[in-house]
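Given next are the chains, with one letter for each unit.
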Amino acid sequence: MLHSRKLLYIDEIARCGSIRKAAARLNVASSAVNRQILALEEELGAPIFERMPRGLKLTAAGELCIEHIREVLKTYERMETRIRGLKMPQAGKVTLVSTVGLAAGPLPEIIAQFVAQHPRVRIHLRNDGPSNTLQPVISGEVDFGLGFNIPATPGIRTLANFDIPIGAVMPPGHRLAGEEGSVDLAEVVQEPLVLAQPGTSLRNVINLALSPLSTPVEPVVETNASEMLKKLVKAGTGLTLLNPLDVLPECRRGELVFRPLANPHARHQPMKLFARSRATLDTATSLFVEFLLSELIAIVSELEAKGHVPMQAVARDAQRE
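Fair warning: this is a prediction, and the values are worked out from it, not measured in the lab.

## Topic: the overall build of the chain
Here is step 1: A tally of regular secondary structure across the chain gives twelve helices and 13 strands.
Here is step 2: Classification of the 321 residues of the chain by burial places 49% in the buried group.
Here is step 3: Sequence-distant contacts, at least 24 apart, represent 75% of the contacts inside the chain between residues at least 6 apart.

## So, the nonpolar core
Here is step 1: The biggest cluster of nonpolar side chains holds 31 residues, and the ones touching the most others in it are F144, F162, L245, M271, L273, F288 and L292.
Here is step 2: At the level of secondary structure, the elements contributing two or more residues to this core comprise strand 3 (92–99), helix 6 (107–117), strand 5 (144–148), strand 6 (156–165), strand 12 (268–276) and helix 12 (283–305).
Here is step 3: In terms of residue count, helix 12 provides more of this core than any other element does, ten residues in total.
Here is step 4: If you look at the next biggest cluster of nonpolar residues, it comprises 30 residues, including L176, V183, V188 and L193.

## Some details on the packing of helix 2 (residues 19–26) against helix 3 (residues 30–44)
Here is step 1: In contact at an axis separation of 8 Å, helix 2 and helix 3 are set at 115 degrees when each is read in the N-to-C sense. What the angle tells us is that helix 2 and helix 3 run roughly perpendicular. In terms of crossing hand, the pair formed by helix 2 and helix 3 is right-handed. Residues I19, R20, A23 and L26 of helix 2 lie in contact with helix 3, whose contacting residues are S30, V33, N34 and I37.
Here is step 2: For the contact of helix 2 with helix 3, the class distribution of residues is five nonpolar, two polar and one charged.

## Comments concerning the confidence of the model for the chain
Here is step 1: Chain-level pLDDT for the chain is 84 on average; 89% of the residues reach the 70-or-more range.
Here is step 2: Scored below 50 in pLDDT, residues 316–321 makes 23 contacts in the model with residues more than four places away or belonging to other chains.

## A few points about the sheet that holds strand 10 (residues 240–242)
Here is step 1: Taken in spatial order, the three strands line up as 10-7-11 in an open sheet, and their pairing is antiparallel. Two strands close off the open sheet at either side, each with one partner strand: strand 10 and strand 11 (257–260). Taken pair by pair, the neighbouring strands of this sheet meet at an average axis angle of 35 degrees, ignoring direction.
Here is step 2: Of the strand pairs in this sheet, strand 7 (residues 167–170) and strand 10 are connected by three bridges, and their pairing is antiparallel. For A168, the partnering residue across the bridge sits in strand 10 and is L241.

## A word on the environment of A262
Here is step 1: Here A262 is to be found in the loop between strand 11 and strand 12.
Here is step 2: Since its relative accessible area comes to 43%, A262 is described here as partly exposed.
Here is step 3: Expressed as a C-alpha distance, the spacing of A262 and G167, which sit 95 residues apart in the sequence, is 9.1 Å.
Here is step 4: Those residues in contact with A262, other than ones at most four positions away along the chain, are S182, V183 and D184.

## Examining the pattern of salt bridges
Here is step 1: One pass over the structure, following the stated rule, counts 19 salt bridges.
Here is step 2: For E227, the salt bridge goes to K230, with nearest N and O atoms at 2.9 Å. In this pair, E227 and K230 both sit in helix 10 (residues 226–234), three residues apart, roughly one turn of the helix.
Here is step 3: For E227, a relative accessible area of 32% puts it in the partly exposed group.
Here is step 4: Linked through salt bridges whose partners overlap, the residues forming this network are D11, R15, R70, R126 and E141.

Criteria and thresholds
- Residues numbered from 1 in each chain as written.
- Predicted model: local features only at pLDDT ≥ 70, side-chain atom pairs only at ≥ 80, totals over all residues.
- Heavy atoms only, no water.
- Helix = DSSP H or I, 4+ residues; strand = E, 2+ residues; numbered from the N terminus.
- Buried < 20%, exposed > 50% of the residue type's maximum accessible area, 1.4 Å probe, protein only.
- Contact = heavy atoms within 4.5 Å.
- Core = buried A, V, L, I, M, F, W, Y, C linked by side-chain atoms within 4.5 Å.
- Axes fitted to C-alpha atoms, helices over the stretch in contact; angles between N-to-C directions.
- Parallel < 35°, antiparallel > 145°, perpendicular 65-115°, else oblique.
- Left-handed = near helix turned anticlockwise from the far one by under 90°.
- Nonpolar A, V, L, I, M, F, W, Y, C, P; charged D, E, K, R; others polar.
- pLDDT = per-residue confidence, 0-100.
- Pairing = 2+ DSSP bridges.
- Salt bridge = Lys/Arg side-chain N within 4 Å of Asp/Glu carboxyl O.

The structure is reproduced here in structure tokens:
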């Protein structure tokens, strides 16, 4: 590809924020990487990196440049994938970002099933906090994202929306675990609680659900790690409030019990599957997105049957926001 080395060098520098680190990852001399920066800046007539005491930072011109570079590299990679696909059908690479809770919840089993059916497709999954799932998609670092409380954002295309409620999570032997159906939030807050820490999107949803109650809530533990919350519940430290996808594997294994909230003011976490508006998904990615969507719909149907989520929890669209 024309100028491929220059594009790869600039992309790696932007990711690393350092010529030395980029050179080490590319296995080339730092001077060679620096020459590519200078050559491109001279060609553009504007600096693309701001030289900082501890590395390099993209300028405004650099932000525009790196968006173009990543789109070119993605297009080239899609072309290579399609050419390989002529010899090896369904070969390719899928890159996605999700929240930590989803990466530890339903995604491992879904990915395992897909890879078993399509062994030539490689999956690259990164998991970030809810506020960080948008940027990798916007910048073109990944093909698409899956996360909660994703705002309408220019340049982002919605592939599917899900409405997932929060509920009480408890160990199987707890006094509230033996009953069927929903549970009153006023009963839940009488128990010791371990909750997502203030400032997280989940805690914001929880606070809205708790706001009509007159009882003050003082959790015994607060953390931004959903895995720790689940382990604390298993250990008997307290109950927690999560959505059913967060605890799906544990509930299926009988390690935890999820009960939806009966309160009319109980809140939901909107979950969105999304991609860049201007990006075309290649064959392998489209195949995985369709598989992921079908599995998520099946999971939501399973949760609906148990009364854990409301009917019509998922709505598909392909509009640009």
